[in-house]
Amino acid sequence: MTELRIYSDADPAAPQIESSDFETIQALLARAGIKLERWHTNAVIESGVDTHAILDAYAEDIERLKREGGYQTVDVVSMVPSHPEKDLLRQKFLDEHTHREDEVRFFVDGQGLFSLHVGEQVFEVLCTRGDLISVPAGTPHWFDMGPNPRFTAIRLFDNPEGWVAHFTGSNIAGQYSRLDN
Ligand SMILES: [Fe+2]
């Protein structure tokens with residue numbers, strides 16, 4: 001289930017707002033300029049299903065988003081707890097960073113915790129199956145897949161080279177929630 005916690009960026013001790021109601025979460029994020037959508041499919045997506053079947057199942061939403069955001073490239077990534085480099089890959093995006101393009105992710109399955117630093121607030125968004133999130137270009141954020149990562153996600157890009165993490169050097173991420181799945 002999708003969850004949102006909003007904190008002051010000066011107080012990681014307790015959230016100002018918590019919600020697990022999708023429409024409430026969507027509205028709160030929209031106010032901060034963050035897109036969250038719930039996508040539906042009639043196709044049966046089971047683990048091990050191939051990339052083409054996944055992209056086919058969500059083709060309409062993918063095409064719409066490409067038009068809206070000008071994205072050029074789409075791929076599918078998967079993580080499982082047995083991945084030999086899971087710790088390294090988890091560490092890679094745990095600190096606050098930005099990208100020069102939107103970070104657009106649709107969770108076909110599994111989950112991941114996106115934390116966005118917008119103004120003087122931190123938005124922790126637990127994305128689960130069926131959620132599309134877009135982190136706007138230039139927005140400081142971090143991502144935690146947890147110690148036992150499991151997800152399949154569709155990624156949309158402007159161009160793969162644009163998707164480099166620029167670290168802000170802040171240690172803020174370590175003060176907020178991690179995904180302890
Ligand atoms: Fe990122």
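Look above for the structure.
A quick note: this is a predicted structure, and the numbers were derived from the prediction, not measured.

**Regarding the pairing of strand 8 (residues 131-135)**
Part 1 of the reasoning: Burial analysis of strand 8 places five of its five residues in the buried class, which makes it a mostly covered element.
Part 2 of the reasoning: Sheet topology places strand 6 (residues 103-118) next to strand 8; four bridges connect them, and they run antiparallel. Residue pairing in the sheet places Val104 in a bridge with Ser134 of strand 8.

**Section: the nonpolar core**
Part 1 of the reasoning: Of all hydrophobic cores here, the largest spans 24 residues; its most connected members are Leu4, Leu29, Phe114, Leu116 and Ile133.
Part 2 of the reasoning: When contributions to this core are tallied by element, the ones reaching two or more residues are strand 1 (3-8), helix 1 (22-31), strand 6, strand 7 (121-128), strand 8 and strand 10 (151-157).
Part 3 of the reasoning: Of all the elements, helix 1 adds the most residues to this core, at four residues.
Part 4 of the reasoning: Residues contacting Phe114, with those up to four places away along its chain left out, are Glu103, Arg105, Phe107, Phe123, Glu124, Val125, Cys127, Ile133, Val135, Trp142 and Phe143.

**Some remarks on helix 3 (residues 59-69)**
Part 1 of the reasoning: Taken together, the buried positions of helix 3 are Asp61, Ile62 and Leu65. Buried residues in helix 3, looked at end-on, bunch into an arc of 100°, giving them a common side. With respect to the buried face of helix 3, the exposed residues turned more than 90 degrees away are Glu60 and Arg67.
Part 2 of the reasoning: Looking at the buried side of helix 3, the elements it contacts are strand 3 (35-38), helix 2 (51-57), strand 4 (73-79), strand 6, strand 8 and strand 10.
Part 3 of the reasoning: Just beyond helix 3, the residue with positive phi is Gly70, at close to 70°.

**What to know about the environment of Val122**
Part 1 of the reasoning: Looking at where Val122 falls in the secondary structure, it is placed in strand 7.
Part 2 of the reasoning: Considering only alpha carbons, one finds Val122 and Tyr176, 54 residues apart in sequence, at a separation of 8.6 Å.
Part 3 of the reasoning: Excluding its chain neighbours within four sequence positions, the residues that come into contact with Val122 are Arg5, Ile6, Tyr7, Asp9, Leu116, His117, Trp142, Ile172 and Tyr176.

**A short note on the coordination of the iron ion**
Part 1 of the reasoning: Coordination of the iron ion by the protein involves His97 (NE2), His99 (NE2), Glu103 (OE) and His141 (NE2), with metal-donor separations of 2.0 to 2.2 Å.
Part 2 of the reasoning: Metal-centred angles of 82 to 169° between the four donor atoms at the iron ion mark the site as irregular.
Part 3 of the reasoning: When the donor residues of the iron ion are listed from N- to C-terminus, their spacing reads H-x1-H-x3-E-x37-H. Separated by 42 residues along the polypeptide, His99 in the loop between strand 5 (97-98) and strand 6 and His141 in strand 9 (residues 141-144) bring together distant segments of the chain.
Part 4 of the reasoning: Under the relative-accessibility criterion, His99 is labelled buried at 4%.
Part 5 of the reasoning: With a relative accessible area of 1%, His141 lands in the buried category.

Thresholds, definitions, all that
- Residues numbered from 1 in each chain as written.
- Predicted model: local features only at pLDDT ≥ 70, side-chain atom pairs only at ≥ 80, totals over all residues.
- Heavy atoms only, no water.
- Buried < 20%, exposed > 50% of the residue type's maximum accessible area, 1.4 Å probe, protein only.
- Helix = DSSP H or I, 4+ residues; strand = E, 2+ residues; numbered from the N terminus.
- Pairing = 2+ DSSP bridges.
- Core = buried A, V, L, I, M, F, W, Y, C linked by side-chain atoms within 4.5 Å.
- Contact = heavy atoms within 4.5 Å.
- Arc of directions from axis to C-beta.
- Donors = N, O, S within 2.8 Å, 3.2 Å for Na, K, Ca; no water.
- Tetrahedral: all angles 85-135°; square planar, octahedral: opposite > 155°, others 65-115°.

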